[in-house]
Amino acid sequence: MSTTAPFGTWPSPITPGTITTRTVRLSQVRVDGPDTYWVEQRAAQAGRNVLLRRDGDGQIGEVLPLTPADELVDVRTRVHEYGGRAYAVDGGIIVVSHAGDGRLYRYDVAHRMRGLVPLTIYGDVRHGDLEIDTARGLVYAVREDHRGPGEPVNSLVAIPLDGSGARDDDAVRTVVSGTDFVTSPALSPDGEHLAWITWDHPGMPWDNAALHVGDLQPDGTIGDQAVIDGGAGHSVAEPRWTEECELVHGSNSSGFWNLYRTEGFPRRGTNREGWTAQLRTRALHPARATFTCPAWQLGPHSFDVLDGEHLIASWARDAIWHLGTIRLSNGELEEWNVGWQPIGNVACSAGRVVMLASNELAMPCIVEVRNGRVQVLRGSGEFEPEAIGVSFPDPVSWTSTDGATAHGFYYPPASAHHTGPEDELPPLIVNVHGGPTATAVPGYDLRIQYWTSRGFAYLDVNYRGSMGYGTEYRRALEGNWGIHDVDDCISGARFMAESGLVDPARIAIRGSSAGGFTVLTAITRTEVFSAAASCFGIADLTRLRATTHKFESHYIGQLIGTQDPRDPVLSERSPITHVDSITTPLLLVQGSEDPIVPAEQATLMHEAIRAKGAPVALEVFHGEGHGFRMAASIRRHYEAELSFYRQVWGIAAPPQDEGASLTVENLPLSGGDPA
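Worth saying up front: this structure is predicted, and the values here are computed from it rather than measured.

As for the pairing of strand β19 (residues 247–251)
For step 1, the next point in the chain: Taken across its five residues, β19 has five buried, putting it largely inside the fold.
For step 2, the next point in the chain: What sits between the antiparallel neighbours strand β18 (residues 236–241) and β19 is a turn of five residues, in which Cys245 has the positive phi angle 60°.
For step 3, the next point in the chain: Pairing of β19 with strand β20 (residues 258–263), which is carried by five bridges, proceeds in the antiparallel orientation. When the sheet's bridge partners are listed, Leu247 is paired in β20 with Thr262.

Things to note about the side chain of Ser592
For step 1, the next point in the chain: Residue position: Ser592 is located in the loop between β37 (586–591) and α11 (600–612).
For step 2, the next point in the chain: A polar contact of 2.8 Å, which involves the side chain of Ser592, links it to the backbone nitrogen of Gly623.
For step 3, the next point in the chain: With residues near it in sequence (within four places) discarded, Ser592 still touches Ala599, Val620, Phe621, His622, Gly623 and Glu624.

Focus on the packing of aromatic side chains
For step 1, the next point in the chain: In the structure shown here, the tally under the stated rule is 27 aromatic pairs.
For step 2, the next point in the chain: Where Trp451 meets Phe456, the ring centres are 5.7 Å apart and the plane angle is 90°; that geometry is what we call edge-to-face.
For step 3, the next point in the chain: The exposure class of Phe456 is buried, given its relative accessible area of 0%.
For step 4, the next point in the chain: One aromatic cluster is present, built from ring pairs that chain together Tyr82, Phe181, Trp199, Trp206, Trp296, Phe551 and Tyr555.
For step 5, the next point in the chain: Seen from the ring of Phe303, Arg240 lies directly overhead, with NZ or CZ sitting 4.5 Å from the centre.
For step 6, the next point in the chain: One cation-aromatic arrangement involves Lys550 over Phe181; the distance from NZ or CZ to the ring centre is 5.0 Å.

Thoughts on the sheet that holds strand β29 (residues 373–379)
For step 1, the next point in the chain: One open sheet holds the four strands; their spatial order is β26-β27-β28-β29, and the pairing between them is antiparallel. The open sheet has two edge strands, β26 (341–349) and β29, and neither has a second partner. With direction set aside, neighbouring strand axes in the sheet form an average angle of 25°.
For step 2, the next point in the chain: Bridge analysis of β26 against strand β27 (residues 352–359) gives six bridges, and the strand direction is antiparallel. The residue bridging Pro342 from the neighbouring strand is Ala357, located in β27.

Overview of the nonpolar core
It is characteristic of soluble globular proteins that their nonpolar side chains tend to be buried jointly.
For step 1, the next point in the chain: Core analysis: the biggest nonpolar cluster contains 117 residues, and Val430, Ile509 and Tyr645 have the highest contact counts within it.
For step 2, the next point in the chain: At nine residues, the largest contribution of residues to this core is made by helix α12 (residues 631–649).
For step 3, the next point in the chain: Val73, Val75, Tyr87 and Val89 belong to the second-largest nonpolar core, a separate cluster that totals 16 residues.

Points about the UniProt feature "domain: Peptidase S9 prolyl oligopeptidase catalytic" (unreviewed entry) in the chain
For step 1, the next point in the chain: Under the present numbering, the feature "domain: Peptidase S9 prolyl oligopeptidase catalytic" (unreviewed entry) in UniProt falls on residues 444–649.
For step 2, the next point in the chain: Across residues 444–649, the secondary structure splits into 43% helix and 14% strand, with the terminal C-alpha atoms separated by 27 Å.

What to know about empty space enclosed by the protein
For step 1, the next point in the chain: Counted by the stated rule, this structure contains five cavities of 30 Å³ or more.
For step 2, the next point in the chain: Computed from the structure, the largest cavity encloses a volume of approximately 160 Å³.
For step 3, the next point in the chain: Lining the largest cavity are 20 residues, with Thr183, Pro205, Ala237, Ala295 and Pro300 positioned closest to its centre.
For step 4, the next point in the chain: Those elements that provide at least two residues to the lining of the largest cavity are β14 (181–187), β15 (193–199) and β18.
For step 5, the next point in the chain: Considering each element in turn, the lining of the largest cavity owes the most residues, three residues, to β18.
For step 6, the next point in the chain: Across the lining of the largest cavity, the residue classes break down as 12 nonpolar, six polar and two charged.
For step 7, the next point in the chain: In this model, the second largest cavity occupies a volume close to 130 Å³.
For step 8, the next point in the chain: The wall of the second largest cavity is formed by 15 residues, among which Ile538, Leu544, Glu552, Tyr555 and Ile556 lie closest to the centre.
For step 9, the next point in the chain: For the lining of the second largest cavity, the per-class residue count stands at 11 nonpolar, three polar and one charged.

Overview of the sheet that holds strand β4 (residues 48–54)
For step 1, the next point in the chain: Spatial ordering of the open sheet is given by β2-β3-β4-β5, a layout of four strands whose pairing is antiparallel. If you trace the sheet from one side to the other, it starts and ends with β2 (25–32) and β5 (60–62), each paired once. Adjacent strand axes in the sheet meet at a mean angle of 25° when their direction is disregarded.
For step 2, the next point in the chain: Two elements, β2 and strand β3 (residues 35–42), share six bridges in a ladder whose sense is antiparallel. Each bridged residue has a counterpart across the sheet, and for Ser27 the counterpart in β3 is Val39.

So, how was this worked out
Residues numbered from 1 in each chain as written. Predicted model: local features only at pLDDT ≥ 70, side-chain atom pairs only at ≥ 80, totals over all residues. Heavy atoms only, no water. Buried < 20%, exposed > 50% of the residue type's maximum accessible area, 1.4 Å probe, protein only. Helix = DSSP H or I, 4+ residues; strand = E, 2+ residues; numbered from the N terminus. Pairing = 2+ DSSP bridges. Polar contact = N/O pair within 3.5 Å; in protein donor to acceptor, adjacent residues only side chain to side chain. Contact = heavy atoms within 4.5 Å. Phe/Tyr/Trp six-rings, centres within 6.5 Å; stacked < 30°, edge-to-face > 60°. Lys NZ or Arg CZ within 6 Å of the ring centre and 35° of its normal. Axes fitted to C-alpha atoms, helices over the stretch in contact; angles between N-to-C directions. Core = buried A, V, L, I, M, F, W, Y, C linked by side-chain atoms within 4.5 Å. UniProt positions renumbered as here; feature names shortened; annotations may be inferred. 1 Å grid on protein atoms, 1.4 Å probe; cavity = no way out; pocket = protein on both sides within 12 Å on 5 of 7 lines; lining within 4 Å. Points joined across faces, edges and corners; volume = space filled by probe spheres on them. Nonpolar A, V, L, I, M, F, W, Y, C, P; charged D, E, K, R; others polar.

Have a look at this one:
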C-alpha cells in the first residue's frame, strides 16, 4: 500500500552512501583467452582504479601486486587529461599505467613472484592506449611528454618489455611523430602491420582524424605506410584487425558512424612491393546508425572480431544502443535480443562475448553472452531495484525555439511505497550532459533514480551537438554553443510543463563541465528555471581558452565559431558577462584541483552573484579534479544539491535527510527576508 506524500519529500533507500560505498564504477572491459579483465573505480578507496580478473573457473580477484615502492596500483592515465585505456593484456602479460607515479609496469600473471617491472622513467611523461607486441618484446603506447616548454608533445612510441626503458629513456623508440595527436595503435594478427590514427589542431578526434597503416620493422618502427581513410572533412575511429588480417574501422563519411572494411594487405612471406596501392575499402553495413562513440577517452572498443566470418558490434539509433553480428563477407546485420544494452566496451574470445551493459532494471554490469545464454559476471552494486521502485525512461522529442527537433529521455517520479498528491505536480530536474559532444543514454542509473525515488521528475536532454543522432545533428552546435543547446533545454522544460507532467513553477536545470556552461547561460536568458546547479561549469570562455589543456585548446573556438582569442564573441557568450541578468538561485560545485575547468571559474561566478544580492551557494571539494572520485565529496555533492532544491522550493526534508543542510546566501526566507 502506497503512502501519499508531497513530491520531493519521499524517503528513499538510495542515499549518497548507496552511490559511494555500495557501488563501483566499471570500465575498460577486455578479454584474454578464458579470462575477463576490467577496472573498478572505488569511491570508498579515494577513487582508486583497481584491475580485476575473472578467470576461466569463475574466480574473481585483484590482479596486480604492490609497486616496487609499496603503493597500491591506481590503473589510470592522464593522457589528454581524460585518460581512458590504461592497461593491456596479452597471453597473461599485463602492461599497466599507474597514476601514482605515472610509470608503465609489466606484470606476468604466470610468474607472480617477479612482481611489477617498471618500463618507463620517472618524470612528467604520460602513457596510454597500450598495445602489446610479444614477438618483438615491445608495447606500443601513446606518449604525452610534458617535459618541454609549450604544449606537451604527443607521439606513438615502442617501449621495451624487458624494462630497459625504465633505466634509459633512449631505449624507447619513436614510431609516429609530427602530428598534434596520435592514438589507437592496432597490431595485425600476423605482426606485419600497425594501424594508428592521427589528427591536428584545430580538430577533435571526431572531426578530421586520419587512419594510417604501416609495415612494421623488426625493431617496431614503421616502413612503408598508407592513409586508409579520414582527414578530408570526415573522421575515423577504432581500427581493429580481423583474423584474416583485414582492417575494420569506423568512419563518419556518410553522416553516420558506420563500419568499413579494408582488404588487400600482403601476408607474411608474400611480395610486399606496392602493397599500399592494392588496398580496397568498402562500407560494411551502411545505416543511419552510430557504430562507435566519441573518443573523449583512449581506447573505445565498440565492436570486436567474433570469428572468421563475423564481427560482434554495438550501435545506437536515437541514443539507444543495440548488440548484434555483422557478416564480413556481405555486411548482413543480425541483432541479438539479449535484454541488455551495451554502454561500454564489447570484447570477445573463442565465441564468448563480454560487454559492459545495463538495462531498465539493472545497474551497469559486466555481462557475458555465450551460445545464446546471458550471464552477469560482475555487477556494480548490491540491491534490488524493483523493491525500491524504478523510474523507466521514456524517449521524448520536442520542437525547439527555432523549429528544430530536440531529444531526450523523461523519467517520472517512482517509488515502491509513496505517491504524490492528486492535486500536485512534481518538480522537474532538467539534466544537461557534458561534452558537449557526448550523449545521454537510457538505463538504470542510480544518479537519476536518486532523484526520481524522492519524487522528482527528471529530463535527460540530448540537445543539438549530442552524439547518436548523426553528424548533422552533432555539427548543428558548431558556432552555436550557448545558443542551440540552451534553446533545446529551455524548450524541453516548457514542453514537459505544457504536457501537464510537471510543475512549471518548480523546474531546475543542472549540468557538469560543458553542461554547466549551458546551465549558467540558460539562467541568463530565461526565468523558466527557478533553480540551477552547475558542477565545475564554465563561466568565462576567454579565461578558459587561455588556461585549458592541449586536447581541448581549440575545441572552444570550434563550438563558438572563431579561433581568434580576441573575438568579442567569447565575452558575449560567457555567462559571467551577464551576471546582472541572473536572478535564479544557483548552486556552484567545484573541485579545487580541476585541470580542465579551473576552480577560479566557480569562485569568480560565486563572488559576482553574491555581490549583486542574488541567491547563490558554493561548495569546493579540496583535492578533487574534473569529476569527483572520493566518497566524501560525492556524498556531500548529492546532499548539498538535494538541500538546495528543497530550500529553494520550500520542500520539507524527511527525517533521514534533515542533517544534510546547505547555506544558500541571499535566499529569502518564507517571510521575505534574506537568509
